[in-house]
Amino acid sequence: MGDSVTIVGAGLSGSLLAILLARRGHRVEVFERRGDPRVGAHDAGRSINLGLSARGIMALRRAGLWEEVRPLTVPMRGRLVHRRGRPPAFHPYGRDPAQILYSIRRDALATLLVSRAEKEQDVRFFFDTRCVAVDRERAAVTVEGQAGPREVRADFVVGADGAFSVVRAETHRGLPADFRQEFLDWGYKELTIPPAPGGGPRVPIEALHVWPGSEGLVVGHPNLDDSLTCTLFMAHDRLTALTGEDEAEALFLEHFPGLLDLVPDLAGQVTAGPVGHLVTVRTSPWRHRDRVVLVGDACHAVYPFYGQGMNSSFEDCVVLDERMAAHPGDRAAAFAAYQELRRPHTDVLAELSAQNFLELRDGLRSPLHLARKKADRALHRLFPRAWVPLYTLVSHTTTPYGDALRRARVQDRVAGAAVLAGAALLAAAALRGVRRARGDRRGPS
């Protein structure tokens with residue numbers, strides 16, 4: 001008989017981990033403060049759409065779910081960048097058709113994961129039930145639902161309760177723990193580009209649409225019904241103050257004029273929707289002895305600009321499951337190995353996600369930056385194994401994030417040396433040409 005497990009948080013990572021642990025014979029109870037995602041909408045203020053990439057797909061394959069999830073997705077074969085005064089420009093994600101991302105609605109994926117988890121023999125969900133306390137030494141949590149508070153004991157507790165994790169806070173209380181939380185001074189609102197009046201999409205559907213601007217950024221994920229769910233990113237104070245429709249329309253005319261033609265009620269959507277926050281969380285430790293362990297945003301929330309939040313959380317679930325299999329009967333060793341393997345790389349992901357914000361906002365408007373990206377893709381086509389762009393390593397492989405960054409930096413140094421060498425050769429050739437010209441003017445001696 002396996003261990004009894006309490007998972008706090010029935011989000012994407014909590015539900016996937018419940019499936020993996022139950023298949024190893026563990027008895028799992030999952031407690032979630034929100035309502036059942038299969039009944040109504042419970043993610044107000046959170047990003048509605050997600051982009052599945054290689055790491056997330058690997059995890060879903062491991063759980064035997066990818067073939068069920070795939071029909072719920074729309075393939076995104078690259079970015080379609082909308083720049084003011086220019087026609088949209090398509091930038092493919094990779095050198096071959098397999099290097100694509102998949103757009104999926106959060107609620108659709110959450111519903112599928114919970115439904116599949118409940119089909120496992122020893123998984124039970126308790127919705128509308130909030131965790132209010134954790135006893136880390138006894139692996140006990142106090143939960144509060146409609147019937148009032150009660151204590152739940154297990155062999156170990158998993159904190160999968162997000163960036164503002166109660167499990168993390170309660171587990172670290174009174175201990176020498178590191179915790180770093182950073183809020184970006186930009187917030188976000190969700191918008192919708194509906195299908196065309198006669199049916200079909202208003203823009204090419206199999207792409208991630210990006211409207212970069214100096215004072216804002218709009219990113220659009222496609223949906224199965226030919227609509228796009230867009231996220232407007234802007235300075236939080238300005239977004240919060242944007243309450244009048246005339247002001248909202250003027251803003252889009254100045255910075256994103258094409259969107260007004262795509263969204264008939266754009267100004268109304270902007271002023272009506274809630275403003276979301278963008279936060280990065282880094283912490284240590286991720287565990288307490290053999291009694292508590294953290295996964296996903298509870299231990300490494302990141303900004304959404306690399307599209308890796310869900311994917312890295314799913315990867316956590318796989319690595320934790322593998323370490324527990326590798327250390328049977330020694331959860332403390334399994335939890336320690338999991339943290340050692342994952343934390344250095346998720347710290348790198350936090351940095352990459354912050355950097356990609358600048359790329360999406362500013363880099364996609366820079367001809368020099370775009371030329372460099374084009375050269376990166378060309379070198380990858382010529383030398384597919386020797387030269388792999390950082391984005392490809394992060395999004396289309398399961399190379400650990402830190403290893404991907406180290407390889408990319410080596411490639412950057414090689415590229416820089418090649419540019420300098422090329423410049424030196426051109427300068428030498430120019431100098432030879434000048435000398436020959438001077439010799440011709442002097443005539444024969």
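Scroll up to find the structure.
The shown structure was predicted, so the numbers you read here are calculated from the model rather than taken from an experiment.

Cut-offs applied
- Residues numbered from 1 in each chain as written.
- Predicted model: local features only at pLDDT ≥ 70, side-chain atom pairs only at ≥ 80, totals over all residues.
- Heavy atoms only, no water.
- Helix = DSSP H or I, 4+ residues; strand = E, 2+ residues; numbered from the N terminus.
- Buried < 20%, exposed > 50% of the residue type's maximum accessible area, 1.4 Å probe, protein only.
- Contact = heavy atoms within 4.5 Å.
- Pairing = 2+ DSSP bridges.
- Axes fitted to C-alpha atoms, helices over the stretch in contact; angles between N-to-C directions.
- Arc of directions from axis to C-beta.
- 1 Å grid on protein atoms, 1.4 Å probe; cavity = no way out; pocket = protein on both sides within 12 Å on 5 of 7 lines; lining within 4 Å.
- Points joined across faces, edges and corners; volume = space filled by probe spheres on them.
- Nonpolar A, V, L, I, M, F, W, Y, C, P; charged D, E, K, R; others polar.
- Salt bridge = Lys/Arg side-chain N within 4 Å of Asp/Glu carboxyl O.
- Core = buried A, V, L, I, M, F, W, Y, C linked by side-chain atoms within 4.5 Å.
- Expected span 1.5 Å × (residues − 1).
- Phe/Tyr/Trp six-rings, centres within 6.5 Å; stacked < 30°, edge-to-face > 60°.
- Lys NZ or Arg CZ within 6 Å of the ring centre and 35° of its normal.
- Parallel < 35°, antiparallel > 145°, perpendicular 65-115°, else oblique.
- Left-handed = near helix turned anticlockwise from the far one by under 90°.

Visitor: Explain the overall build of the protein chain residue by residue, including any values.
Guide: Counting secondary structure elements, the protein chain contains 15 helices and 20 strands. For the protein chain, the proportion of its 445 residues judged to be buried stands at 50%. For the protein chain, the proportion of contacts with a sequence separation of at least 24, taken over those separated by at least 6, is 69%.

Visitor: Lay out the side chain of histidine 396 with the relevant residues and their values.
Guide: Within the secondary structure, histidine 396 is located in helix α14 (residues 390–396). Judged by relative accessible area, histidine 396 falls into the buried class, the value being 15%. Once residues lying within four places of it in the same chain are set aside, the contact partners of histidine 396 are Ala54, Tyr93, Gln99, Ile100, Leu101 and Tyr391.

Visitor: Describe the sheet that holds strand β8 (residues 123–126), naming the residues involved and giving the relevant values.
Guide: In any sheet, the strands associate via hydrogen bonds between backbone groups, in a parallel or an antiparallel arrangement. Spatially, the six strands line up as an open sheet ordered β8-β2-β1-β12-β20-β19, and their pairing is mixed. What marks the edges here is a single partner per strand, and that holds for β8 and β19 (287–288). Running over the sheet, helix α1 (residues 12–23) touches β1 (4–8), β2 (27–31), β8 and β12 (156–159) and is turned about 170 degrees from β1.

Visitor: Help me get a handle on helix α7 (residues 245–255), residues and values and all.
Guide: Along α7, the residues classified as buried are Ala248, Leu251, Phe252 and His255. The buried residues of α7 occupy an angular sector of 90 degrees when projected down its axis, which confines them to one face. Looking at the buried side of α7, the elements it contacts are β14 (186–193), β17 (228–235), α6 (236–241), α8 (257–262) and α9 (266–272).

Visitor: So what about empty space enclosed by the protein? Which residues, and what values?
Guide: The rolling of a water-molecule-sized probe over the atoms marks out the regions of remaining empty space. In total, this model carries two cavities of 30 Å³ or more according to the counting rule given. Contributing to the lining of the second largest cavity are Val167, Arg168, Thr171, His172, Pro285, Trp286, Arg287, His288, Val292 and Leu294. Only α5 (166–172), β19 and β20 (292–294) provide two or more residues apiece to the lining of the second largest cavity. Here the lining of the second largest cavity gets four residues from one element, more than from any other, and that element is α5. In terms of residue class, the lining of the second largest cavity is made up of five nonpolar, three polar and two charged.

Visitor: Please provide a residue-by-residue account of the environment of leucine 224, values included.
Guide: When you line up the elements, leucine 224 lands in the loop between β16 (216–222) and β17. The class of leucine 224 is exposed, set by a relative accessible area of 53%. In this structure the C-alpha to C-alpha distance between leucine 224 and proline 75, which are 149 residues apart in sequence, comes to 9.9 Å. Setting aside residues no more than four positions away along its own chain, leucine 224 makes contact with Pro71, Leu72, Thr73 and Val74.

Visitor: Provide a residue-level description of the pattern of salt bridges, including the pertinent values.
Guide: This model, assessed by the stated rule, comprises 26 salt bridges. Note that aspartate 3 is salt-bridged to arginine 331, the shortest N-O span being 3.0 Å. Taken together, the positions of aspartate 3 in the segment before β1 and arginine 331 in helix α12 (residues 331–361) put the pair 328 residues apart, joining distant regions of the chain. Connected through salt bridges with shared partners, the residues Asp3, Asp290, Arg291 and Arg331 form a single ionic network.

Visitor: Residue-level account of the nonpolar core, with values.
Guide: Core analysis: the largest hydrophobic core is formed by 65 residues, its most contacted members being Ile7, Leu52, Val69, Leu113 and Phe314. Tallying contributions element by element places α1 first for this core, with eight residues. Among all residues touching leucine 113, those that are not within four sequence positions of it are Leu12, Ser15, Leu16, Ile19, Leu60, Leu65 and Phe314. Judged by nonpolar contacts, the second largest core, of 31 residues, contains Tyr93, Leu349, Leu352 and Phe357.

Visitor: How would you explain α1 if you had to name every residue and give the values?
Guide: Taking 1.5 Å per residue as the helical rise, α1 with its 12 residues ought to reach 16 Å, and the 17 Å between its terminal C-alpha atoms agrees with that figure. Across the 12 residues that make up α1, a large majority, 11, are buried. Those residues of α1 that fall on the buried side of the exposure criterion are Leu12, Ser13, Gly14, Ser15, Leu16, Leu17, Ala18, Ile19, Leu20, Leu21 and Ala22.

Visitor: Tell me about the packing of aromatic side chains, and name the residues and values.
Guide: According to the stated counting rule, one finds 14 aromatic pairs in the structure shown. Ring geometry for tryptophan 186 and phenylalanine 357: centres 5.0 Å apart, planes at 80 degrees, overall edge-to-face. Placement of tryptophan 186 in strand β14 and of phenylalanine 357 in helix α12 is noted, with a sequence separation of 171 residues between them. Phenylalanine 357 shares its class with tryptophan 186; the two are buried. Ring geometry for tyrosine 188 against phenylalanine 233: centres 6.1 Å apart, planes inclined by 50 degrees, an arrangement best described as tilted. Of the two residues, tyrosine 188 sits in strand β14 while phenylalanine 233 sits in strand β17, which places them 45 residues apart along the sequence. Of the residues examined, tyrosine 188 reaches a relative accessible area of 9% and is grouped as buried. One aromatic cluster is present, formed by Trp186, Tyr188, Phe233, Tyr303, Phe305 and Phe357 through successive ring pairs. Its guanidinium or amino end placed over the ring of tyrosine 391, arginine 79 lies 5.3 Å from that ring's centre, counting from NZ or CZ. The ring of phenylalanine 126 has arginine 150 sitting right over it, with the charged end atom 5.3 Å from the ring centre.

Visitor: Give a detailed account of the packing of helix α2 (residues 54–62) against helix α11 (residues 309–326), specifying residues and quantitative values.
Guide: When two helices pack together, their arrangement is given by the angle between their axes and by how far apart the axes lie. Following both chains from N to C, one finds α2 and α11 inclined at 45 degrees, their axes separated by 7 Å at the closest point. Taken together, the axis directions place α2 and α11 in an arrangement best described as oblique. For α2 against α11, the interelement crossing comes out left-handed. Of the residues in α11, those touching α2 at Arg55, Gly56, Met58, Ala59, Leu60 and Arg62 are Asn311, Phe314, Glu315, Val318 and Glu322. A class-by-class count of the residues in the contact of α2 with α11 yields five nonpolar, two polar and four charged.

Visitor: I'd love a proper account of the pairing of strand β3 (residues 49–52), names of residues and values included.
Guide: Both faces of β3 are covered, namely the face carrying Asn49 and Gly51 and the face carrying Leu50 and Leu52. Both β3 and strand β7 (residues 101–105) contribute to a ladder of four bridges, which runs antiparallel. Of the residues in β7, the one forming a bridge with glycine 51 is serine 103.

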